[in-house]
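Survey of secondary and tertiary structure
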Amino acid sequence: MLCDGRYLSTTSYPELYATLGAIYRERSSGAHLEFRIPDYRGLFLRGFDAGAGIDPHAGQRLDPTGNHVANTVGSLQCDAMQDHTHSYDVTEPAAISQQGSAAGTSLSSKPTSSPSAPARMSAETRPKNIAVNYIIRFR
């Protein structure tokens, strides 16, 4: 089923509701209860870290509703740019040359600075992503 965030009837999809429950929200529609399936449109899927240490900010992920911090399957992580600097050379003309009457130059190296807000900085560069479990079906 396409993960497009739609609501489904709990009576029509009882097995799926037993698995997802209210993780992605639920609502009453008249006399029936409906649950929402995940909406992965426009997002990159990232394998759930599960303690592997590959996701440096796993503990800062947001729950599927985006309201609370939760390092779980279905949790959301905003995009970010890795914080880093580069050195670049600066050539400055000198008023008086070291030798003769020609103008001289001095060369120095300076670091770049981190981008300023609204850029999000991180220990990694990443797109906005959702944590998922990649599962192999064996039966």
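Quick caveat, the model's predicted, so the values are computed rather than measured.

Points about the overall build of the protein chain
Helix and strand counts for the protein chain come out as one helix and 10 strands. For the protein chain, the sequential pattern of α-helices and β-strands runs β-α-β-β-β-β-β-β-β-β-β. Here the protein chain, with 139 residues, has 26% of them falling under the buried criterion. For the protein chain, the proportion of contacts with a sequence separation of at least 24, taken over those separated by at least 6, is 56%. On the protein chain, roughly 9800 Å² of surface is accessible, and the fraction owed to carbon and sulfur atoms is 54%.

Focus: the environment of E124
Positionally, E124 belongs in the loop between strand 9 (121–122) and strand 10 (129–132). For E124, a relative accessible area of 14% translates into the label buried. The sequence separation of E124 and D83 amounts to 41 residues, and the corresponding C-alpha distance is 7.5 Å. Residue contacts for E124: discarding those within four places in its chain leaves R46, D55, P56, Q77, A80, M81 and Q82. Within polar-contact distance, the side chain of E124 engages the side chain of R46 at 2.8 Å.

Here is what the cut-offs are and how they apply
Residues numbered from 1 in each chain as written. Predicted model: local features only at pLDDT ≥ 70, side-chain atom pairs only at ≥ 80, totals over all residues. Heavy atoms only, no water. Helix = DSSP H or I, 4+ residues; strand = E, 2+ residues; numbered from the N terminus. Buried < 20%, exposed > 50% of the residue type's maximum accessible area, 1.4 Å probe, protein only. Contact = heavy atoms within 4.5 Å. Areas by Shrake-Rupley, 256 points an atom, 1.4 Å probe, with all protein chains shown as cover. Polar contact = N/O pair within 3.5 Å; in protein donor to acceptor, adjacent residues only side chain to side chain.

All we've got here are geometric facts, nothing functional implied.
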